[in-house]
Amino acid sequence: MTIKNLDWQNLGFGYIKTDYRYIAYWKDGKWSKGELTQDNVLHISEASSSLHYGQQCFEGLKAYRCKDGSINLFRPEQNAERLQKSCQRLLMPEVPTEMFIDACKQLVKANQDWLAPYGTGATLYLRPFVIGVGDNLGLSPATEYIFSIFCSPVGAYFKGGMKPTNFIVSEYDRAAPHGTGAAKVGGNYAASLYPGKLAKQRNFSDCIYLDPTTHTKIEEVGAANFFGITKDNKFVTPLSPSILPSITKYSLLYLAKKRLGLEAIEGDIYINELDQFKEAGACGTAAVITPIGGIQYGDNFHVFYSETEVGEITQKLYNELTGIQFGDIEAPEGWIVKVE
């Protein structure tokens, strides 16, 4: 093994072509035996349902290099289950959990030279996806599918990493009531590009999306989940059928309660009640934890802990989560899968 000579400390969140990717095909009612390939170009029909009707979904997870050189995957069965639920929503064949985890292991092992050295903070990001392919014209589920995973070494998702950043409440909706907000489908993200662009034009990192029914409650922060720490030390995160069930969020709910002794709550967070929070953050696989310095809502700009410094509890949660992921802190049972 020879680790690639990249500028690991300053790596952003972007695509870098690695040596191998995994691919499997669904045809005649079953998945083929997946294989690794060096070809990073998909060859699909121009009539593929993923291109015209959005019949596709994806996942995101990371591999972490530990101090002893071993490699961790963080809760990959949770990603497998979420991918299965997304596939159910779009009438696509599910990828079995065992197949999903085995594919992740194969991919990471084959590309381990692209996994950053321990201590740099960089990771190997895995992007599994399922797409409908084949010769389809009418609006109906595809008869053939591709399940594939590629990987890329990444640094922080938001520029600056673990530093507070500011967001603005968007007038646009991320997802519709009873729509696909809880599934990880590309259409949810495509619809967020324009409001995200508007936010960046005003020098904010991204948007805060409110609930699509009443526009009174926080739902998501760009492509990440929201959490807040109340002044009486409760960890609170939104609950809504339109929110993507973040694996990072549910991990933080557990750690806040079990490791930090906080009351952990999923519930409504009203945009006009931000004064109850002394700290706030965005969380997700890509973002990990990004502290929120302030939120612009209409003419009001609300600052939480600080626009320049990380709150004490947010920092503790970050240390606990990343310590588990990189193997420095004992993980709850079943959270870590080793790549042998």
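Residues numbered from 1 in each chain as written. Predicted model: local features only at pLDDT ≥ 70, side-chain atom pairs only at ≥ 80, totals over all residues. Heavy atoms only, no water.

Participant: Please clarify how the overall build of the protein chain should be interpreted in this entry.
Facilitator: Helix and strand counts for the protein chain come out as seven helices and 18 strands. In summary, the protein chain has a C-alpha radius of gyration of 20 Å against a globular reference of 20 Å for 340 residues, a match within 12%. Overall size of the protein chain, expressed as C-alpha extent along the three principal axes, is 55 × 50 × 35 Å. Pairs at least 24 residues apart make up 71% of the contacts formed inside the protein chain by residues separated by at least 6 positions. Entry remark: accessible area of the protein chain is about 15,800 Å², with carbon and sulfur atoms responsible for 49%. Each charge sign in the protein chain was given a centre, from 33 positive and 38 negative side chains, and these centres are 3 Å apart. (Helix = DSSP H or I, 4+ residues; strand = E, 2+ residues; numbered from the N terminus. Rg over C-alpha atoms; globule rule 2.2 N^0.38 Å. Contact = heavy atoms within 4.5 Å. Areas by Shrake-Rupley, 256 points an atom, 1.4 Å probe, with all protein chains shown as cover. Lys, Arg positive; Asp, Glu negative; His and termini not counted. Charge placed at Lys NZ, Arg CZ, Asp CG, Glu CD.)

Participant: What am I meant to see in the UniProt feature "modified residue: N6-(pyridoxal phosphate)lysine" (unreviewed entry) in the protein chain here?
Facilitator: Here the UniProt-annotated "modified residue: N6-(pyridoxal phosphate)lysine" (unreviewed entry) positions come out as Lys 184. Considering the arrangement of structural elements, one finds Lys 184 in the loop between β9 (165-169) and α4 (186-190). The buried category is assigned to Lys 184, whose relative accessible area is 10%. Sequence-distant contacts of Lys 184, that is, excluding residues within four places in its chain, are made with Cys 57, Phe 58, Glu 59, Gly 60, Arg 82, Ser 86, Tyr 189 and Leu 244. (UniProt positions renumbered as here; feature names shortened; annotations may be inferred. Buried < 20%, exposed > 50% of the residue type's maximum accessible area, 1.4 Å probe, protein only.)

Participant: I keep staring at helix α5 (residues 193-201) and nothing clicks. Help me out?
Facilitator: Quick reminder: α-helices carry 3.6 residues per turn. Residues three or four places apart thus point the same way. Along α5, the residues that are buried comprise Pro 195, Gly 196 and Ala 199. Down the axis of α5, the smallest arc covering the buried residues is 100°, so these residues share one side. Among the exposed residues of α5, those pointing more than 90 degrees away from its buried face are Leu 193, Lys 197 and Gln 201. On its buried side, α5 packs onto β9 and β10 (206-210). (Arc of directions from axis to C-beta.)

Participant: What's the story with the pattern of salt bridges in this structure? I'm lost.
Facilitator: Side-chain pairs of opposite charge can arise whenever the charged atoms involved come near each other. Applying the stated criterion across every chain, the model contains eight salt bridges. Measuring nitrogen to oxygen at the nearest pair gives 3.1 Å for the salt bridge that ties Glu 266 to Lys 249. Of this pair, Glu 266 sits in strand β14 (residues 263-267) while Lys 249 sits in helix α6 (residues 247-258), placing them 17 residues apart in sequence. Residue Lys 249 is classed as buried on the basis of its relative accessible area of 3%. (Salt bridge = Lys/Arg side-chain N within 4 Å of Asp/Glu carboxyl O.)

Participant: Just checking my understanding: could you explain the packing of aromatic side chains for this structure?
Facilitator: Aromatic ring pairs: the centre-centre distance and the angle between the two ring planes describe each pair. Evaluated as defined, the whole model comprises 14 aromatic pairs. Ring centres 6.5 Å apart and planes at 80° place the aromatic pair Phe 226 and Phe 277 in the edge-to-face group. Here Phe 226, found in strand β12 (residues 224-230), pairs with Phe 277, found in strand β15 (residues 277-284); they are 51 residues apart in sequence, far enough to count as distant. In this structure Phe 226 comes out as buried when scored by relative accessible area, which is 0%. Geometrically, the ring pair formed by Tyr 254 and Trp 335 is tilted, given 5.3 Å between the ring centres and 55° between the ring planes. Remark: Trp 335 occurs in the loop between α7 (312-325) and β18 (336-338) and Tyr 254 occurs in helix α6; sequence separation between them is 81 residues. (Phe/Tyr/Trp six-rings, centres within 6.5 Å; stacked < 30°, edge-to-face > 60°.)

Participant: Please explain the environment of Tyr 250 as it appears in this structure.
Facilitator: Counting through the fold element by element, Tyr 250 comes out in helix α6. C-alpha separation for the pair Tyr 250 and Gly 293, spaced 43 residues apart in sequence, amounts to 22 Å.

Participant: Please explain the pairing of strand β13 (residues 234-238) as it appears in this structure.
Facilitator: Strand residues, when the strand is regular, have side chains that alternate between the two faces of the sheet. Along β13, four of the five residues are buried, which leaves the element largely enclosed by surrounding structure. As paired strands, β12 and β13 are joined by two bridges and run antiparallel to one another. Looking at the pairing, Gly 228 lines up with Val 236 of β13. A loop of three residues connects β12 with β13, the two strands running antiparallel in sequence, and Asn 233 in this loop sits at a positive phi of about 65°. With five bridges joining them, β13 and β14 adopt parallel strand pairing. Residue pairing for β14: Pro 238 is matched across the bridge by Gly 267. After leaving β13, the chain enters α6 and then returns to the sheet as β14, a path that is right-handed. (Pairing = 2+ DSSP bridges. Right-handed = clockwise from strand over helix to strand, strands pointing away.)

Participant: Explain a nonpolar patch on the surface to me, please; I cannot follow it from the model alone.
Facilitator: On the surface, Leu 42, Ile 44 and Leu 51 cluster together into a nonpolar patch covering about 240 Å² of accessible area. Topologically, Leu 42 is positioned in the loop between β3 (35-37) and α1 (49-52). What makes Leu 42 partly exposed here is its relative accessible area of 36%. (Patch = residues over 30% accessible without salt bridge, like charges linked within 9 Å, V, L, I, M, F, W, Y side chains within 5 Å.)

Participant: Could you clarify how one ought to interpret the side chain of Arg 75 in this entry?
Facilitator: Looking at where Arg 75 falls in the secondary structure, it is placed in the loop between β6 (71-74) and α2 (76-89). Buried within the structure, Arg 75 lacks any salt-bridge partner; Glu 77 is the closest side chain of opposite charge, at an N-O distance of 4.3 Å. If we skip the residues at most four places from it in the chain, Arg 75 touches Ile 247, Tyr 250, Ser 251 and Trp 335.

Participant: What is the right way to read the nonpolar core from this model?
Facilitator: If you look at the biggest cluster of nonpolar residues, it comprises 35 residues, and the most contacted ones within it are Phe 100, Leu 126, Val 130 and Phe 147. Elements with a contribution of two residues or more to this core: β1 (21-27), β5 (61-65), β6, α2, α3 (97-110), β7 (123-133) and β8 (144-154). In terms of residue count, the dominant contributor to this core is α3 (seven residues). When residues no more than four places from it in sequence are discounted, the contact partners of Phe 147 are Tyr 22, Ile 23, Ala 24, Trp 31, Leu 83, Val 95, Met 99, Phe 100, Ala 103, Pro 128, Phe 129 and Val 130. Core analysis: the next-biggest nonpolar cluster, separate from the first, contains 21 residues, Phe 74, Phe 227, Ile 229 and Leu 317 among them. (Core = buried A, V, L, I, M, F, W, Y, C linked by side-chain atoms within 4.5 Å.)

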